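Analysis of the macromolecular model
Residue-level listing of the chains:
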Amino acid sequence: MNRQPFHFPLAIAVCALSAGFITVTTVSQTKEKSWEQQFRAIPEPDRMREYMKRLSARPHHTGSAYDKDNAEWILALLKEWGWDAKIESFDVLFPTPKERVVELVEPIKFNAKLEEPTIAGDPTSGQKDEQLPTYNAYSIDGDVTAPLVYVNYGIPDDYEQLDRMGISVEGCIVIARYGASWRGIKPKVAAEHGALGCLIYSDPRGDGYFEGETFPRGPWRSEDGVQRGSVMDMPFHPGDPLTPGVGATKDAKRLALSEARVFTKIPVLPISYADAKPLLSAIDGPVAPEDWRGALAITYHVGPGRAKVHLKVKSDWGMKTINDVVARIQGSTYPNEWIIRGNHYDAWVNGAEDPISGQICLLEEARSFGLLVKNGWKPKRTIIYCAWDGEEQGLLGSTEWVEEHADELKQHAALYLNTDSNGRGYLGISGSHTLEQFINAVARDIEDPETKLTVWKRSQLLQLSNATANERGKLRSGQDLPIGALGSGSDYTAFLDYLGVASLNLGYGGEGGGGIYHSIYDDFYWFTHFSDTSFVYARALAQTVGTAVLRFGDADLLPYDFTNFVETVKKYVDELKSLLKDKREKIIEQNTQIQDGVFTATADPRERFVPPPIEPVPPHLNFAPFENALDTLSNSAKRYQNAATKLRESKRSVPKGINTQLLQSERVLISDDGLPNRPWFKHQIYAPGFYTGYGVKTIPAVREAIEQKQWKTAEAQIGRVADLLKKMAGQIESMAVEIEDVIK
């Protein structure tokens, strides 16, 4: 169903503080729309192509010469376009490899290459002297020789399966395939089960020829491609490992290496599927369960058995300087309310897709805003554009900047808009649900470059095709499309999870292979042959984010909406109830089977299972505090929405202080104590999971307590989070009353 786009109030304010109100002079709707139309006409695909060609011309990992060169080039462009720009530097710990060994020592000899070869026709793949080797940053040093065990994805569920099969990894080296969780979780869980080392490989079933043609013939990972990446234990905290909670300036107090919490407990290396195949082929023991089997032409065994592997990792644990490029345009009316936009520019190697495909959009937005300023546009709010360094190792640049400027950001930050990789396909949106209505309105005004539908309509059609019968009714009604919740994995993390700044993460994609992620083949050649080859989706992303910056920055009343947020949190609470119910029913059924002597965990007769012991049945938890808080919050949200709508329609002045309260609304969901055992993560509605790494856990303190069967903790956290929701309701109610006093 088509629906006419919803536009936020089309007014331009002339600031005057008097009698406790901001006086607003209303101008025509045409003028406001004119600036948006002018902006969306400026971004040029050919310019963005040239930006990418320059930025990805050489490897530019953190601390490299070309990384610094790119920072200075970005700075010069921003200044040329009229921005007040500077570089802010931090000194961070960044280990780089000195020795790497993976060799099969029994039953046969095999030495892994641990190298990606140059490919003819791909000019930058041969820049060997500047490329970081294949490795996992923040793996501890180690030299171990032990039996090899295949652990599927290496997530907690896989170890439960191994327990049922009577297989232990204690004293072994494990090999896990990429997927199902963030890479840093794999060595973390392996160490918890007594493993001595960890290998992570890219199985072609999910990242290679099973998906499609491999590079250079197609976009998917070739047999020698390797996914580099950080294995920092970011569920504790991102950023510099030695300065948690403070900016890593030159004079910052630093932890000793032995005090840092985020290093792995065992050595770990990533390998290609060419290097993995001989290792996996040598494993004997039970045949792997069917859903553990990848696409290599072997029989997948679990082990342990005759296969024994030698793994050695040794790194240079040195400090590197990272350089954030930060630029601003001062607001004309509300200069103390900040709209912040960011994308990182550092890469593991050349990084055309990750992250330059997003960075080129940020640059073209900045150029476009510079032209608007020359044409007479003055943003009402201060706009800050940030090109982050050190993201790949653990969100270093953005986290250190946020920690250094935390007090200012708590007062002034109204919105953080993040992008990272971008490609051909559908608009993906995740973020704070107080922004769901706002970003839906933006998406309704952006044209998809290929279908000529709006990007909102194209996303709606995709969601309809994937929806259940029950979900399709709401989607067809033309209501706002649901956006995803944010976990971690990019530079929004410190803004949302640490400070409570309402945030959005946007990007196009879904219509290209991703088989060069964190490899030497993520370069200009691959991108221009297999991704957004005409750079029209780069233009679409620049138009999308730029329009969001314009609307949010120039709205007289900050466009937060709380009704969608309430409905979303209600769903999260229902999920918690279902999670507990499912756990109870599963344990009751399992206990009954054990007592009756008929327990079976699988129908596969080749697998040997040891029934678990009788387990206490989970107690019933009291969700009433949530239900009461959400009822109150729902009433307050509806009252505020009605008052805000009437205020816009009346064209009356916005009460002084309302916007200040609005930009603080997400902060109410922050707890100074943070999550249990994770004090850096302070947001009580969204956080990355302790055993997912990137993947989000909603209402995390309660959800993870239930998952880990910590019932007293779960009960206590329900009350704690409910109190924050009630506090938020009170703040929203107060704003509604103030607005109602104006429009009486």
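This one's a predicted model, so the numbers in the text were calculated from it and none came from an experiment.

1. Observations regarding the overall build of the chain
When helices and strands are counted, the chain shows 22 helices and 21 strands. Taken over the C-alpha trace, the chain has a radius of gyration of 26 Å; the compact-globule value for 744 residues is 27 Å, and the two agree within 12%. When its C-alpha atoms are laid out on the principal axes, the chain stretches across 85 × 65 × 55 Å. Expressed as a percentage of the 744 residues in the chain, the buried residues total 60%. Taking the contacts inside the chain whose residues are at least 6 apart along the sequence as the reference set, 80% of them involve residues at least 24 apart. Carbon and sulfur atoms make up 50% of the accessible area of the chain, which amounts to about 27,600 Å² in all.

2. Side note on the nonpolar core
Formed by 221 residues in total, the largest nonpolar core has its most connected members in Ile-175 and Phe-626. It is helix α22 (residues 711-743) that provides the largest number of residues to this core, a total of 13 residues. Beyond its immediate chain neighbours, meaning those up to four positions away, Phe-626 contacts Val-573, Leu-576, Ile-699, Val-702, Ile-718, Val-721, Ala-722 and Leu-725.

3. Digging into the sheet that holds strand β7 (residues 142-150)
Strands sit in the order β5-β4-β12-β7-β8-β9-β11 across an open sheet of seven strands; the sheet is mixed. Here the strands that pair on one side only, and so sit at the sheet edges, are β5 (110-111) and β11 (268-271). With three bridges connecting them, β7 and strand β8 (residues 173-177) associate as parallel partners. Bridge assignment links Leu-148 to a residue of β8, and that residue is Ile-173.

4. Details of the sheet that holds strand β16 (residues 413-418)
Taken in spatial order, the seven strands line up as β3-β13-β15-β14-β16-β18-β17 in an open sheet, and their pairing is mixed. If you trace the sheet from one side to the other, it starts and ends with β3 (84-93) and β17 (425-431), each paired once. Looking at each pair of strands side by side, their axes are set apart by 20° on average, direction ignored. Of the pairings in the sheet, the one linking strand β13 (residues 319-329) to strand β15 (residues 381-388) comprises five bridges and is antiparallel in character. The partner of Ile-329 across the bridge, within β15, is Ile-383.

The rules behind the values
Residues numbered from 1 in each chain as written. Predicted model: local features only at pLDDT ≥ 70, side-chain atom pairs only at ≥ 80, totals over all residues. Heavy atoms only, no water. Helix = DSSP H or I, 4+ residues; strand = E, 2+ residues; numbered from the N terminus. Rg over C-alpha atoms; globule rule 2.2 N^0.38 Å. Buried < 20%, exposed > 50% of the residue type's maximum accessible area, 1.4 Å probe, protein only. Contact = heavy atoms within 4.5 Å. Areas by Shrake-Rupley, 256 points an atom, 1.4 Å probe, with all protein chains shown as cover. Core = buried A, V, L, I, M, F, W, Y, C linked by side-chain atoms within 4.5 Å. Pairing = 2+ DSSP bridges. Axes fitted to C-alpha atoms, helices over the stretch in contact; angles between N-to-C directions.

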